[in-house]
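Here is what each chain is made of, one letter per residue.
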Amino acid sequence: MRMVTELVSKSMAKSLQLEENCFLKQFGERAALQVRFHYYSCCQRPEIVLGLKPHADGSGHTIILQDEVEGLQVLEKEQWFTVPTIPNALLVLMGDQMEIMTNGMFNSPVHGVETNREKKTSVAVFYTPQEHKEI
């Protein structure tokens, strides 16, 4: 997973026409990877049950592997959009740290998860700067 976060960080830097390793240097050699496994059981009345409340990630970026059941939503201009699932694909969401480092060029989206009549699982990996690193 470290190789994936490095590839994402380098690609983001290149897209902004910055030095390829600039974000890796800012995050530090001991940047943290934290993993969270999510299991949402099937819900008979998803319209009245909260899945994962709206929030933005405080990480640099978050890499998500979803199953085939939709539920992840992103808020854009006061409207919620369901993120389509793509089998075996990794989804990358920017976090607050990356929004700060790019001066808003990459946004940290508010997102949440709706409950569903089917069970849903996902794995999220949060890439954060090493401890005591100043952003």
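Parameters and conventions
- Every chain begins its residue count from 1, and numbering advances along the sequence as written.
- With pLDDT at 70 or above as the cut-off, local features in this predicted model cover only qualifying residues; side-chain atom pairs require 80 or more to be listed or tallied, and sums for whole chains, interfaces and linings still use all residues.
- Here the side-chain values reflect all heavy atoms present in the structure, with hydrogen atoms and water set aside.
- Only DSSP runs of H or I reaching four residues or more are called helices, and only runs of E reaching two or more are called strands; each is numbered from the N terminus.
- Pairs of residues are marked as contacts when any of their non-hydrogen atoms sit within 4.5 Å.
- The buried label goes to any residue with under 20% of its type's maximum accessible area, the exposed label to any with over 50%, and the partly exposed label to all in between, with areas taken from a 1.4 Å probe on protein chains only.
- What makes two strands pair is DSSP finding at least two bridges between them.

S.K.: Go over unusual backbone geometry with me, naming the residues and quoting the values.
M.R.: Positioned with a positive phi, Gln-17 is a non-glycine residue whose angle comes to about 60°. Note on placement: Gln-17 falls in the loop between α1 (2-15) and α2 (22-27). Of note in the backbone geometry, Glu-78 takes a positive phi value of approximately 65° without being a glycine. If you trace the backbone, Glu-78 turns up in the loop between β4 (72-76) and β5 (79-82).

S.K.: Would you mind going over the side chain of His-38 in detail, with residue names and values included?
M.R.: Tracing the backbone through its elements, the reader meets His-38 in strand β1 (residues 32-40). With sequence-adjacent residues up to four places away left out, His-38 is seen in contact with Leu-52, Lys-120, Thr-121, Ser-122 and Ala-124.

S.K.: Explain the pairing of strand β8 (residues 120-128) residue by residue, including any values.
M.R.: Of all nine residues that make up β8, seven are buried, and the element is covered over most of its length. In this sheet, β8 lies alongside β1 in antiparallel orientation, the contact comprising nine bridges. Paired with Phe-37 across the strands is Val-123, a residue of β8. Pairing between strand β3 (residues 61-66) and β8: six bridges, direction antiparallel. Along β8, the bridge assignment pairs Leu-65 with Val-123.

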